[in-house]
Amino acid sequence: MQKVKLLKTLLDEAVADLHRPHSFAAERVGFFSTNCSSTGKTTLVHCVAYHSVPDEQYLQDHSVGVRIGSAAITDAMARIAVHKVGQVHVHSHGGVGVPSPSGVDSAELPSLGRSLHNVDHGKASGWAILSGNGGWSSIAPPGNSEIGVESAISVVGYPLTIVQHGADRRTRWSWRRLFKKRTTLVDRFDRQGFLGPDSDTILACLRVGIVGLGGGGSHMAQQLAHLGITRFVLCDHDRISETNLNRTVSATEADVKRKTKKTAIAERTIRSLHDDADVVKVEMWETGAELLMRCDIIVGCVDTFGGRRDLEAFCRRHLIPYVDVGMDVQQLGDQKYEIIGQVILSMPGKACMHCMNFLTDEVLAEEARRYGAAGGRPQVVWSNGVLCSAAVGIIADLATGWSRSGRDSIYLNFRGSNLSISDDPRLQYLLGPCPHYPLIEAGDPTWTPL
Ligand SMILES: [Zn+2]
Ligand SMILES: [Zn+2]
């Protein structure tokens, strides 16, 4: 499976440049630099920088809309050789949705794409066409393949564009079945039609990873399944016990007797709503990297700050939006307590949890001093419910764009004493790109010999 990912901010930058008038050329072209994440059969191609073609590198040729000189191609090839990135030739067709190549595109651009790929077969190069909110690409993956893999581009931003990757026959078959079922069961989603005319399909295609299926994660799986999400990667090694029953929704006394795995309880809930759901379970998220890489959104309901840091770093590397949910109970004085909790949307390219000052050297060092143990921290069902409902709301909006809020960076604070949930005031000052995870570092690390 190959998936091409492009941050919304980079799409906007490219489209703004490509639509500038030129003194004689009817249209403009540019290049994306790419990095890749590759594991097993999954390759993610990340567009990590945009390169405008200078005015003087265009040639006058009235037989076509645009022609660039050899200097522009040489510059692109030099970026592959020097910076160890792939290059994707790009132009825009305007409009919205997934564009299709024109006759001239199909006649001229595949050979250019092949020339770029031939500079370094270890990089992902080819050609692509953009619209105002999406794109189409033909990119040869790392390796010796000469043929570009054609696919729509997944735009990471508000709202996400979810691409249905149906490369293998089984997926196509189940997709047809899913579609048939949705049309016959149209009543089920009648009351959430305001999410948009295509929202059922978008949510059915969305793949969500949930790390931690205890107090928080059990709510996430239950609500997301009701919302219409059918594709899950569930990560937890733990089995249910008596002290989990105060907060793990769907868990029963019989599960405690059987020592059922928490992922199996969540899967049971999901399948009770979608018998053909695509649910994959893994014990440790670190060993399920290939499965998690394919997710469109990852939710972390983990106990430790170190665990959150590692999950966010994984998501940034693979350009996946990360939603963090957590709560704690603090003792303020004699017999006085406060429940504090947070829901964070950490969007690639935007403020991360370090930028937000939620993850600090102090809290990480303090936790490391305690060997990463969160201990048997207090947890209650209602605050997990409030926090997870807010997180489900963030996911529904990100996937469908129903509210048109455009919010792609969120930090909400919960206080149990007055049951309030409010924006963290620090977020409004964090408008610039995140310095901790530069876009150019997305993908597998590349090693350059000294
Ligand atoms: Zn074209
Ligand atoms: Zn940051």
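None of the values given here were measured: they were computed from a predicted structure.

Rules and cut-offs
Residues numbered from 1 in each chain as written. Chains lettered and ligands numbered in written order. Predicted model: local features only at pLDDT ≥ 70, side-chain atom pairs only at ≥ 80, totals over all residues. Heavy atoms only, no water. Axes fitted to C-alpha atoms, helices over the stretch in contact; angles between N-to-C directions. Helix = DSSP H or I, 4+ residues; strand = E, 2+ residues; numbered from the N terminus. Left-handed = near helix turned anticlockwise from the far one by under 90°. Contact = heavy atoms within 4.5 Å. Nonpolar A, V, L, I, M, F, W, Y, C, P; charged D, E, K, R; others polar. Pairing = 2+ DSSP bridges. pLDDT = per-residue confidence, 0-100. Phe/Tyr/Trp six-rings, centres within 6.5 Å; stacked < 30°, edge-to-face > 60°. Buried < 20%, exposed > 50% of the residue type's maximum accessible area, 1.4 Å probe, protein only. Donors = N, O, S within 2.8 Å, 3.2 Å for Na, K, Ca; no water. Polar contact = N/O pair within 3.5 Å; in protein donor to acceptor, adjacent residues only side chain to side chain. Salt bridge = Lys/Arg side-chain N within 4 Å of Asp/Glu carboxyl O.

## Section: the packing of helix α2 (residues 70-83) against helix α3 (residues 103-119)
Piece 1. In contact at an axis separation of 9 Å, α2 and α3 are set at 35° when each is read in the N-to-C sense. For α2 against α3, the interelement crossing comes out right-handed. Where α2 abuts α3, its residues Ile 73, Ala 76, Met 77 and Ile 80 lie against Leu 112, Ser 115, Leu 116 and Val 119.
Piece 2. Among the residues forming the contact of α2 with α3, the class breakdown is seven nonpolar, one polar and no charged.

## Points about the sheet that holds strand β3 (residues 42-52)
Piece 1. Spatial ordering of the closed barrel is given by β1-β3-β2-β4-β5-β6-β7, a layout of seven strands whose pairing is mixed. Between one strand axis and the next, the sheet turns by 30° as a mean value, whatever way the strands run.
Piece 2. Examined bridge by bridge, strand β1 (residues 2-7) and strand β7 (residues 149-156) share four bridges and lie parallel to one another. Following the sheet pairing, Lys 5 is matched in β7 by Ser 154.
Piece 3. Contacting β2 (30-39), β4 (86-92), β5 (125-130) and β6 (135-140), α3 crosses the sheet at an angle of about 140° to β5.

## Some thoughts on the environment of Leu 364
Piece 1. You can see Leu 364 is positioned in helix α11 (residues 361-369).
Piece 2. With residues near it in sequence (within four places) discarded, Leu 364 still touches Phe 305, Gly 306, Arg 309 and His 354.

## With respect to the confidence of the model for the protein
Piece 1. Across the protein, the average pLDDT comes to 92, with 93% of residues at 70 or higher.
Piece 2. Here residues 166-173 is modelled with pLDDT under 50, and outside its nearest four sequence neighbours on either side it reaches six contacts, counting other chains as well.

## Some points on the packing of aromatic side chains
Piece 1. Counting across every chain of the model gives six aromatic pairs.
Piece 2. Geometrically, the ring pair formed by Phe 358 and Tyr 411 is edge-to-face, given 6.2 Å between the ring centres and 75° between the ring planes. Placement of Phe 358 in the loop between β13 (336-346) and α11 and of Tyr 411 in strand β14 (residues 410-415) is noted, with a sequence separation of 53 residues between them.
Piece 3. By relative accessible area, which is 11% here, Phe 358 ends up buried.
Piece 4. With relative accessibility at 4%, the residue Tyr 411 sits in the buried group.
Piece 5. Taken together, Phe 305, Phe 358 and Tyr 411 form an aromatic cluster joined through their ring pairs.

## Structural notes on the coordination of the zinc ion (ligand 2)
Piece 1. The coordination sphere of the zinc ion (ligand 2) contains the protein donors Cys 352 (SG), Cys 355 (SG), Cys 434 (SG) and His 436 (ND1), at a distance range of 2.1 to 2.3 Å.
Piece 2. Within one chain, the residues serving as donors to the zinc ion (ligand 2) are arranged as C-x2-C-x78-C-x1-H. On the criterion of sequence distance, the pair formed by Cys 352 in the loop between β13 and α11 and Cys 434 in the segment after β15 (420-423) is long-range, its members being 82 residues apart.

## Focus on the environment of Arg 268
Piece 1. Relative to the helices and strands, Arg 268 is located in helix α8 (residues 262-273).
Piece 2. Placed 160 residues apart in sequence, Arg 268 and Gln 428 show a C-alpha to C-alpha distance of 41 Å.
Piece 3. Residue contacts for Arg 268: discarding those within four places in its chain leaves Ser 250, Thr 252, Asp 255 and Arg 258.
Piece 4. A distance of 3.1 Å separates a polar side-chain atom of Arg 268 from the backbone oxygen of Ser 250.

## Digging into the pattern of salt bridges
Piece 1. Within the structure shown, the criterion is met by 23 salt bridges.
Piece 2. For Lys 8, the salt bridge identified is with Asp 12, shortest N-O distance 3.4 Å. Placement of both Lys 8 and Asp 12 in helix α1 (residues 8-18) is noted, with a separation of four residues, approximately one turn of the helix.
Piece 3. Since its relative accessible area comes to 36%, Asp 12 is described here as partly exposed.
Piece 4. When the shortest N-O distance is used, the salt bridge between Asp 310 and Arg 309 registers 3.1 Å.
Piece 5. You can call Asp 310 partly exposed: its relative accessible area is 35%.
Piece 6. What makes Arg 309 partly exposed here is its relative accessible area of 33%.
Piece 7. Beyond isolated ion pairs, a larger network of salt bridges with shared partners links Asp 61, Arg 67 and Glu 108.

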